[in-house]
Amino acid sequence: MAEPRRPAEGCSYRNTDCLERPLKRLFKGLGSGVAACPWPFVLVPLLLSGGLGAGFFFLPQREANDIEEQFTPTWGPAKADRDFVQRYFPTDDSERFSAQRLPTEGAYAALIAVAAGGGSVLDPAARRDLQRLDAAVRTGDYDKLCARSGGTCADPCPEPLLPLLDDAGAAAALENLYFPVSNGSFLGAALGGVRTGADGRVLSARALKLVYYLREDGSAAADSRRWLEGFLQDIPSKLANLTAIQVAYFTSLSRQQEFEGNTNSVIPLFSVTYFLTITFSVVSCLRLSCIRNNVWLACCGVASAGLAVLSSFGLLLFCGVPFVVTVLSAPFLILGVGVDDMFIMIAAWEQSAGKKDKSDVKSRLAETYAEAALSVTITTLTDVLAFFIGTWTAFPSVRSFCLYTGTAFVFCYIYTLTFFGAIIVLNHRREQGNRHWLTCMPVQVGKGQAEKSCLYNACCIGNCSGESSLPESEHPMSIFFKKYYGPFFTNRWIKLLVVLLYGAYLGGSIYGCTQIRQGIDLRNLASDDSYVIPFYDDNDKYFSTYGPRVMVVITESVDYWNETVRLGIENCTQNLEGISYVDKNFSESWLRVYTNLSKSGLINISNKTLFIKNLAVLFRIVPSFEWDINKTEDKIEASRFFIQTVNVTSSIDEKNLLNELRETAKQCSIPLMVYNSAFIYYDQYLVIVQNTVQNIIIAAAAMLVISLLLIPNPLCCVWVTFAIASVIVGVAGFMTFWKVNLDSISMINLVICIGFSVDFSAHISYAFVTSGESSANKRAIEALSVLGYPVLQGAVSTILGVVVLAAAKTYIFRTFFKIMFLVILFGGLHGLVFIPVFLTFFGNFGRSTSNTKSEKPEYRFRDNKDCP
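Per-chain numbering applies: the sequence of each chain, read as written, is numbered from 1 onward. Local features in this predicted model are restricted to residues of pLDDT 70 or higher, and side-chain atom pairs are both shown and tallied only at a pLDDT of 80 or more, whereas totals for entire chains, interfaces and linings draw on every residue. As a rule here, side-chain values cover all heavy atoms of the structure and leave hydrogens and water aside.

1. Points about the environment of isoleucine 235
The helix and strand labels rest on DSSP assignments: H or I over at least four residues marks a helix, E over at least two residues marks a strand, and numbering proceeds from the N terminus. Examined against the element boundaries, isoleucine 235 turns out to sit in helix H9 (residues 220–239). Sequence-distant contacts of isoleucine 235, that is, excluding residues within four places in its chain, are made with Leu111, Leu133 and Tyr249. Throughout, a residue-residue contact means that at least one pair of heavy atoms, one from each residue, lies within 4.5 Å.

2. Remarks on the sheet that holds strand E6 (residues 191–196)
In sheet architecture, strand pairing relies on hydrogen bonds along the backbone and comes in two forms, parallel and antiparallel. Strand pairing requires that DSSP identify at least two bridges connecting the strands. Reading across from one edge, E6-E7-E1-E8 is the order of the 4 strands in this open sheet, with antiparallel pairing throughout. The outermost strands of the open sheet, each flanked by one partner alone, are E6 and strand E8 (245–251). Each neighbouring strand pair of the sheet contributes to a mean axis angle of 20°, computed without reference to strand direction. Judged from the 8 bridges that link them, strand E1 (residues 107–115) and strand E7 (residues 202–214) form a sheet pairing that is antiparallel. Counterpart to alanine 110 in the pairing with E7 is valine 211. Fitting a line to C-alpha atoms yields each axis, with helices limited to the stretch in contact; the angle taken between N-to-C directions then spans 0 to 180 degrees.

3. So, the packing of aromatic side chains
Each Phe, Tyr or Trp ring (for Trp, its six-membered ring) is paired with any other whose centre lies within 6.5 Å, and the angle between the two planes then decides the class: stacked below 30 degrees, edge-to-face above 60, tilted in between. Overall, the coordinates contain 53 aromatic pairs when judged by the stated rule. Relative to phenylalanine 737, the ring of tyrosine 511 has its centre 6.3 Å away and its plane inclined at 20°; by these criteria the two rings are stacked. Taken together, the residues tyrosine 511 in helix H18 (residues 492–514) and phenylalanine 737 in helix H27 (residues 714–737) connect sequence positions 226 residues apart. When a residue's accessible area, from a 1.4 Å probe over protein chains only, is under 20% of the maximum for its type it is buried; when over 50% it is exposed; and in between it is partly exposed. Here tyrosine 511 falls in the partly exposed class, since its relative accessible area comes to 49%. Its relative accessible area of 44% is what places phenylalanine 737 among the partly exposed residues. Between phenylalanine 834 and phenylalanine 838 the ring centres are 6.2 Å apart and the planes differ by 10°, which places this aromatic pair in the stacked class. Placement of both phenylalanine 834 and phenylalanine 838 in helix H30 (residues 811–840) is noted, with a separation of 4 residues, approximately one turn of the helix. Across the pair, exposure class does not vary: phenylalanine 834 and phenylalanine 838 are buried alike. Following the ring pairs from residue to residue traces out a cluster consisting of Tyr502, Tyr505, Tyr511, Phe722, Phe734, Phe737, Phe826, Phe834 and Phe838.

4. Overview of the state of the cysteines
Note on terminology: a disulfide is the covalent bond linking the sulfur atoms of two cysteines. Criterion for a disulfide: a pair of cysteine sulfur atoms within 2.5 Å. Under the definition given, this model contains 2 disulfides. Put simply, cysteine 146 and cysteine 153 are joined by a disulfide, and their sulfur atoms are 1.8 Å apart. Between cysteine 146 and cysteine 153 the disulfide shows an S-S torsion of about -70°. By sign, it is left-handed. We classify cysteine 146 as buried; its relative accessible area is 0%.

5. Some words on unusual backbone geometry
Leaving glycine out, the prevailing phi sign among residues is negative, and the prevailing peptide bond configuration is trans. Each neighbour pair has its own omega, and for phenylalanine 179 with proline 180 the value is 10°, a cis peptide bond. Mapped onto the fold, proline 180 is located in the loop between helix H8 (170–175) and strand E4 (181–182). A positive phi angle, close to 55°, is found at asparagine 647, a residue other than glycine. Along the chain, the position of asparagine 647 falls in the loop between strand E12 (636–646) and helix H24 (651–667).

6. Looking at the packing of helix H1 (residues 20–36) against helix H15 (residues 396–432)
Two numbers describe how H1 lies on H15: the axes approach to 9 Å, and their chain directions differ by 50°. The angle between the axes of H1 and H15 places the two elements in the oblique class. H1 and H15 meet at a crossing whose hand is right-handed. On H15, the residues that touch Phe27, Leu30, Val34, Ala35 and Ala36 of H1 are Tyr413, Leu417, Thr418, Gly421, Ala422, Val425 and Arg429. Angle categories are assigned with fixed cut-offs, so that under 35 degrees is roughly parallel, over 145 is roughly antiparallel, 65 to 115 is roughly perpendicular, and the rest are oblique. For a crossing to be left-handed, the near helix must be turned anticlockwise from the far one by less than a right angle; the clockwise case is right-handed.

7. Quick notes on helix H29 (residues 776–802)
Over its 27 residues, H29 extends 37 Å from the first C-alpha to the last, a length consistent with the 39 Å expected when each residue adds 1.5 Å. Bend angle per residue: angle between axes fitted to the 7 residues ending at that residue and the 7 residues starting there. Where H29 bends most, at leucine 787, the angle is about 45°, and the proline proline 790 comes one to four residues later. Across the 27 residues of H29, 22 count as buried, placing the element largely inside the fold. Given a helix with a known number of residues, its expected span is that number minus one, times 1.5 Å.

8. Considerations on the pairing of E1
For a regular strand, the rule is simple: side chains alternate between the two faces of the sheet. Most of E1 is tucked away, with 9 of its 9 residues classed as buried. Both faces of E1 are covered, namely the face carrying Ala107, Ala109, Leu111, Ala113 and Ala115 and the face carrying Tyr108, Ala110, Ile112 and Val114. Bridge count between E1 and E8: 7 bridges; the pairing is antiparallel. Across the sheet, the residue bridging to isoleucine 112 is alanine 248, located in E8.

9. Some words on the packing of H27 against H30
It is the contact of H27 with H30, at a shortest axis distance of 9 Å, that shows an interaxial angle of 140°. By the angle between their axes, H27 is oblique relative to H30. Helix-helix and strand crossings are classified by hand; for H27 and H30 the assignment is right-handed. Contacts from Trp719, Phe722, Ala723, Ser726, Val727, Gly730, Val731, Phe734 and Met735 of H27 reach H30 at Ile819, Leu822, Val823, Phe826, Gly827, His830, Ile835, Phe838 and Leu839.

10. Description of the pattern of salt bridges
Salt bridges are defined as contacts in which a side-chain nitrogen from Lys or Arg sits within 4 Å of a carboxyl oxygen from Asp or Glu. Tallied over the entire structure, the rule returns 21 salt bridges. Note that arginine 138 is salt-bridged to aspartate 134, the shortest N-O span being 3.0 Å. The exposure class of arginine 138 is partly exposed, given its relative accessible area of 29%. For aspartate 134, a relative accessible area of 10% puts it in the buried group. In this structure, glutamate 577 and arginine 592 form a salt bridge, with 3.0 Å as the shortest nitrogen-oxygen distance. Of this pair, glutamate 577 sits in helix H20 (residues 563–577) while arginine 592 sits in helix H21 (residues 590–599), and the two are 15 residues apart along the sequence.

11. Here we look at the side chain of asparagine 65
Within the fold, asparagine 65 resides in the loop between helix H3 (59–62) and helix H4 (67–71). Judged by relative accessible area, which is 9%, asparagine 65 ranks as buried. Every residue in contact with asparagine 65, bar those within four places of it in the chain, is listed here: Gln70, Gln256, Phe259, Glu260, Phe323, Val324 and Val325.

12. Some words on the pairing of strand E9 (residues 546–554)
In terms of burial, E9 is largely enclosed, as 9 of its 9 residues are buried. Sheet analysis places E9 next to E12, joined by 7 bridges and oriented antiparallel. Bridge pairing in E12 links isoleucine 554 to serine 639. Inspection of the sheet shows E9 paired to strand E13 (residues 672–675) by 4 bridges, in the antiparallel sense. In the sheet register, methionine 551 faces E13, and the bridge partner there is tyrosine 675.

13. Here we look at the side chain of asparagine 741
The topology assignment puts asparagine 741 in the loop between H27 and helix H28 (744–769). Excluding anything up to four places from it in sequence, asparagine 741 contacts Arg517, Gln518, Gly519, Met735, Ser746 and Tyr811.

14. Here we look at the confidence of the model for the protein
Every residue gets a pLDDT, meaning the predictor's confidence in that residue, from 0 to 100. Mean pLDDT over the protein: 84, with 87% of residues reaching 70 or higher. No element of the protein has a lower mean pLDDT than helix H16 (residues 454–460), which averages 53, and none a higher one than E13, which averages 96. Scored below 50 in pLDDT, residues 468–472 makes 13 contacts in the model with residues more than four places away or belonging to other chains.

15. Quick look at helix H17 (residues 476–489)
Relative to the 20 Å expected for 14 residues at 1.5 Å per residue, H17 spans 19 Å between its end C-alpha atoms, a close match to the ideal helical length. Residues of H17 that are buried: Ser478, Phe481, Tyr485, Gly486 and Phe489. Elements in contact with the buried residues of H17: H18, H29 and H30.

16. As for a nonpolar patch on the surface
Patch definition: residues with relative accessible area over 30% and no salt bridge; like charges joined within 9 Å; nonpolar side chains (Val, Leu, Ile, Met, Phe, Trp, Tyr) joined within 5 Å. Here the Shrake-Rupley method, with its probe set to 1.4 Å, supplies the accessible areas, and only the displayed protein chains count as covering residues. A grouping of Trp39, Leu43, Leu46 and Leu47 is seen on the molecular surface, where their side chains present a nonpolar patch of about 440 Å² in accessible area. For tryptophan 39, a relative accessible area of 48% puts it in the partly exposed group.

17. Brief notes about the environment of glutamate 556
Relative to the helices and strands, glutamate 556 is located in the loop between E9 and H20. Taking the relative accessible area as the measure of exposure, glutamate 556 reaches 47% and is therefore partly exposed. Taking the C-alpha atoms as reference points, glutamate 556 and isoleucine 670, separated by 114 residues in sequence, lie 8.5 Å from one another.

18. Digging into a negative patch on the surface
Positive charge is attributed to Lys and Arg, negative charge to Asp and Glu, and no charge count is given to His or to the chain ends. Where a charge lies is defined by one atom per residue type: Lys uses NZ, Arg uses CZ, Asp uses CG and Glu uses CD. On the surface, a cluster of negative charge is contributed by Glu63, Asp66, Glu69 and Glu260. Among the secondary structure elements, glutamate 63 is positioned in the loop between H3 and H4.

In structure tokens form, the structure reads like this:
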């Protein structure tokens, strides 16, 4: 196959190969060096991998699976707000505990009891079970470790509901139970599935939530943790004897423990993945000749990808880079891409046999590197850039994944050009010595072998005749794409159908993009069979009407004794209460109570001295208000009040609630801050879309620059741009239909889309514009005949690398599979269907003038891994 004619000098617009030619010369020199002395290129990667692999000894120290740290924005506003609350409103778990005033979730064990058989937790049988349940929880050191208020353990439910846990006076108390407020206590967060009468009296209730808080101060924190761990071990057996209620349980440790347990669920899948990949590689490179069989090349190619994982992970562990659970998805992807690179090298090596003397290994490997290494460089560079750009994010889990995966891609590239290239040379020496692929024993062919049995000759030579196998003909799949597939899709009616199909694809994708759900649901961090899932389900079903109770903090010292200032605070409070997600009937404000006391004439707050002095009266009436004011002898440094949110049932509601509260507080003349511990997770909504769009735009721009520099035809860049945009829109839209949210996990995969979009689109369009055929249809057919099977094979190998994740019991890994499947599916559709058809509509536009029908260009690509 002749080299295409190049411009005599300089770089033309249509064939900008200024960078391609020097790179080819560089790779030819590397190939010659590897061929001349292969053993150092085998041994050094093995020794380097062994040395760097020692970094895995640091794995236990590098594990960073704290959910808040890894899956929330690093500089989220709520984290700064929490620091402010902790500084100005310190808690005292041993004497003055109040759940709504906690700056964190606290240490607790929570239970949701649901009446069995559609009954009510107020029924006598359910109450008896509730009493047994309460007694079972209060065992061991609970009385010593419980959070206390007023000298006793904090109640697990509001005071009006305590008779449910004690027979004494229960019937009479329950007759006067109202909802959602009873005797001044808010019941909305504790009693669920409530049916009330016209007067608000409770008639029945399906569920009761009990929360047992423990101390976190000083040495009690470690003891409380041990108690919670014991609780999780013992509670299942204690629930077995309860017949009138069904109980779901959860603790402050549960979410983190279940998330960390995901590691164990995915490790067994590694062996399955390597088995599938090795099998696919071996089958793809299997040959009838026992001498020219490429089985060992296939196995060493998979081993090369494994060495890349070992080296890159070990190096980063040595360097102290945090290792997050999401990084466990990386080896599956690296394995698929590493196999792709291996196939490129094998295909180029096989094709070099037709141009060079088969015995001249230096010339053949130089030619192989000149063609294959350039393609591997293009695709690796685009993928690595996509991952390293992905590190520019506010989510540490994304940064860790992108850093580990990008570094592994670099090692995979290096080992493909060194270790695997050397393996090719050693395998060639075996072939030249006429040695069997498995035993490496010399194989005699020709005269004398005909006397052997057919079975012997078939096993040792590859045919019954005893004669050496002849070179194999064109691959049947290439013939299929040339004679059947290409002509079928260049038919005018089929092309019209493809255009309509693309319109439906694009329309569905755009609609899906408008329905994207944002944010990671915390239940998705646990496995499907975790005990926390029923708790989340019951909580959503029975307790979603009332959302988090929000602190509204006045962050600076203001003149509370000034009536104008008080009116300003009241206006701000009413504005917050006017938000659709807030119920003003459940607000709690010390300043309102204090002002009403003044209006009633009980106290005088007309000046600074009296205002500060008479606070003691307020604290005697409502002792808990003392915890809401940070004061010195002559001023109030900060204070807070509380508002109750309602109907926060989805991620959209959470996002809107946070935005409306913060915007309203910002517009207030008084310096206000709104805070709840849940806002730390809500902060992801503020940056997830911005980070995703930013990374996609930057990565896409980088891909285009690389394409312009390394793919010598600018029109290809137009199709690269088209493919990137189209595939990203498709993946983002259809992941909505597959119930995948836009969160830090899916954001990783959207960035990956860009690299793989380039892989599928760049070379098929370049093959078209550089074809020497006379018509657009014929050029499309030729491009498909050369690239169709390799693109299909590349898609299959990459899917095999991640398909086992579909069986994972965890959302994180299933999401990785789902999006990678969409990326490969849509990328393959663009490479095999949409782009070839669309190219035929453009005729000769952008066609390289350097080619004639008798002189066809040579091109290599990531997926050219047809092993003859």
